[in-house]
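# Commentary on secondary and tertiary structure
As a plain string of letters, each chain reads:
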Amino acid sequence: MNNAIARTTALLSTCALLLTGCGGDGGGNSPVTSSPTNSSSTPNNTATDTTGTTGTLSGAIPIGIAVAQTSNVALLGQEEVAGAKLAEKYFNSKGGVNGTPIKLVFQDTSGDEAGAINAFQTLINKDKVIGIVGPTLSQQAFSADPIGERAKVPIIGPSNTAKGIPEIGDYVARVSAPVSVVAPNSVKAALKQNPQLKKVAVFYAQNDAFSKSETEIFQQTVKDQGLELITVQKFQTSDTDFQSQATNAINLKPDLVIISGLAADGGNLVRQLRELGYKGLIVGGNGLNTSNILPVCKALCDGVLIAQAYSPEHPGEINAAFRKAYTDEYKKEPPQFSAQTFTAVQVYVEALQTLDKKSKVNKLQLAELRTELNKQILAGTYNTPLGEIGFTPIGEVVQKDFYVAQIKMEKDGSKGKFTFLK
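Residues numbered from 1 in each chain as written. Predicted model: local features only at pLDDT ≥ 70, side-chain atom pairs only at ≥ 80, totals over all residues. Heavy atoms only, no water.

### Comments concerning the sheet that holds strand E12 (residues 305–308)
Put simply, the rule is: Any two strands with at least two DSSP bridges between them are considered paired. Numbering of helices and strands starts at the N terminus; helices are DSSP runs of H or I of at least 4 residues and strands are runs of E of at least 2. The angle between two axes is taken between their N-to-C directions and runs from 0 to 180 degrees, where each axis is a line fitted to C-alpha atoms and a helix contributes only its stretch in contact. Contact between two residues is taken to exist if any of their heavy atoms lie within 4.5 Å; hydrogens are not considered.
Spatially, 7 strands are ordered E9-E8-E10-E11-E12-E16-E17 in an open sheet, and the strand pairing comes out mixed. Of all strands in the sheet, those bounded by a partner on one side alone are strand E9 (228–235) and strand E17 (416–420). Here the average twist between neighbouring strands, direction ignored, is 25°. Across the sheet, helix H6 (residues 209–224) is in contact with strand E8 (199–205), E9, strand E10 (256–260) and strand E11 (281–284); its angle to E8 comes to roughly 170°. Seen against the sheet, helix H8 (residues 263–275) touches E8, E9, E10 and E11 and runs at an angle of roughly 160° to E10.

### Describing the environment of Glu228
Positionally, Glu228 belongs in strand E9. Taking C-alpha positions, Glu228 is 8.7 Å from Ala201, a pair spaced 27 residues apart along the chain. Apart from residues no more than four positions distant in its own chain, Glu228 is found in contact with Lys198, Lys199, Val200 and Val222.

### Thoughts on the packing of helix H1 (residues 74–93) against helix H10 (residues 317–330)
Defined as follows: Crossing handedness is read from the near helix: turned anticlockwise from the far helix by less than a right angle, it gives a left-handed crossing, and turned clockwise, a right-handed one. Residues were grouped as follows: Ala, Val, Leu, Ile, Met, Phe, Trp, Tyr, Cys and Pro as nonpolar; Asp, Glu, Lys and Arg as charged; and all remaining residues, including Gly, as polar.
Contact geometry of H1 with H10 gives a least axis separation of 11 Å together with a crossing angle of 120°. Crossing geometry of H1 relative to H10 is assigned as right-handed. Contacts between H1 and H10 involve Ala82, Leu86, Tyr90 and Phe91 from the first element and Ile318, Ala321, Phe322, Ala325, Tyr326 and Tyr330 from the second. Of the residues that constitute the contact of H1 with H10, the class distribution is 10 nonpolar, no polar and no charged.

### Things to note about the sheet that holds strand E15 (residues 397–399)
Strand order in this open sheet of 3 strands is E13-E14-E15, and the pairing throughout is antiparallel. Either end of the sheet is taken by a strand with one partner, and the two such strands are strand E13 (382–384) and E15. For this sheet, the mean angle separating the axes of adjacent strands, direction not counted, is 35°. Taken together, the 3 bridges between strand E14 (residues 387–391) and E15 define a ladder with antiparallel strand orientation. When the sheet's bridge partners are listed, Phe391 is paired in E15 with Val397. Each of E13 and E14 is contacted by helix H11 (residues 336–358), which is oriented at about 145° to E13, the strand it contacts most.

### Describing the state of the cysteines
What counts here: The rule for a disulfide is simple: a pair of cysteine sulfur atoms within 2.5 Å. Relative accessibility thresholds used throughout: buried, under 20% of the residue-type maximum; exposed, over 50%; partly exposed, between the two (1.4 Å probe, protein chains only).
Counted by the stated rule, this structure contains 1 disulfide. The partner cysteine of Cys297 in its disulfide is Cys301, sulfur to sulfur 1.9 Å. Judged by the sign of its S-S torsion, about 100°, the cystine formed by Cys297 and Cys301 is right-handed. For the pair Cys297 and Cys301, one class covers both residues: buried.

### Observations concerning the pairing of E12
The two faces of a sheet get side chains in turn, since along a regular strand they alternate between them. Taking every second residue as pointing to the same face, both faces of E12 are buried, with Leu305 and Ala307 on one and Ile306 and Gln308 on the other. Here E11 pairs with E12 via 2 bridges, running parallel. Counted as the bridge partner of Gly284 is Ile306 from E12. One ladder, built from 4 bridges, connects E12 with strand E16 (residues 403–409); its direction is antiparallel. Within the sheet, the bridge partner assigned to Leu305 lies in E16 and is Gln406.

What follows is the structure, encoded as structure tokens:
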């Protein structure tokens with residue numbers, strides 16, 4: 001992987017809805033001994049130690065979780081918190097890393113680049129984690145991942161699908177399939193439902209790195225499928241009024257609308273398109289791939305198509321266990337972001353198990369452990385809730401199973417679900 005990539009500086013924001021019952025966790029005492037006295041770790045403080053590489057493990061193995069627990073991005077980040085906590089409980093019940101438990105250390109990235117940078121610095125230098133799952137947004141990853149790369153700390157992105165993420169550095173990987181692989185599936189599903197589609201209107205959030213990356217894929221897919229791209233409308237993730245853009249597009253009589261944004265802005269755009277009279281198919285991008293969109297557009301969410309990298313119905317023992325644990329806890333089917341974060345923790349656990357059989361991880365100096373763990377992560381194959389996955393040498397996930405879901409709402413808008421298409 002290249003050691004550098006151009007940083008994106010635009011600020012990403014979406015709504016302040018939170019998933020209930022998925023609060024963040026504190027760090028507790030640091031399980032890394034760098035001197036005769038254990039150092040304490042208090043979450044959400046700026047790191048003061050600048051090395052973060054000395055000492056060996058003492059007690060539970062610390063894995064950092066740097067996702068958005070608060071702010072206007074928390075509706076996605078809290079789904080990741082839920083998946084991570086279920087993974088911690090599940091794998092520790094199975095013996096952890098050959099008898100040693102893991103301990104997840106949570107740091108809140110909030111919704112911007114500064115929050116992600118601070119969380120990464122704290123996890124690396126103060127909490128002394130062996131690796132990090134995060135951050136929530138691609139926008140944040142372009143700023144925070146280089147910190148992990150410079151410190152030679154493994155990073156696994158649970159929901160970073162923009163172009164260029166693995167190329168940030170040798171220590172950066174992701175379990176979230178790139179948008180170039182996932183996004184075209186929803187357009188093809190729309191064509192399957194209505195082969196007469198011809199004219200397409202595209203909307204995207206111009207202040208979000210992921211949405212800008214995703215819309216390029218959508219627009220190319222439109223052209224590849226022989227469809228006519230009649231307009232491209234831009235908006236901000238902080239926008240709530242889309243009447244101008246929606247009216248401009250509707251006047252051109254599109255057969256299909258494609259939206260790249262996040263849940264709040266995307267949901268409001270869906271609602272306003274329907275209220276202004278648009279009756280055609282709507283494809284939503286990965287940022288709309290959360291049940292938190294349902295309270296935003298309610299009954300008007302009905303029919304939206306969204307490509308998926310996870311299905312609760314995927315066969316396999318590990319997914320059955322994850323699905324049961326999630327539905328028992330939250331009384332609904334697990335979403336993609338929870339499944340991907342569970343998978344990221346699983347990759348760390350299984351890579352540590354393999355590494356521990358070669359060289360006891362609690363005997364390795366922290367810097368060496370991080371380096372050897374990174375090598376093992378990339379070398380492994382993992383049977384996960386997403387199906388069997390592995391990694392390319394540059395840290396890109398290798399995954400074969402993908403899906404498309406369509407939102408189905410009750411007529412009164414009180415309830416809805418993602419129905420997976422055959």
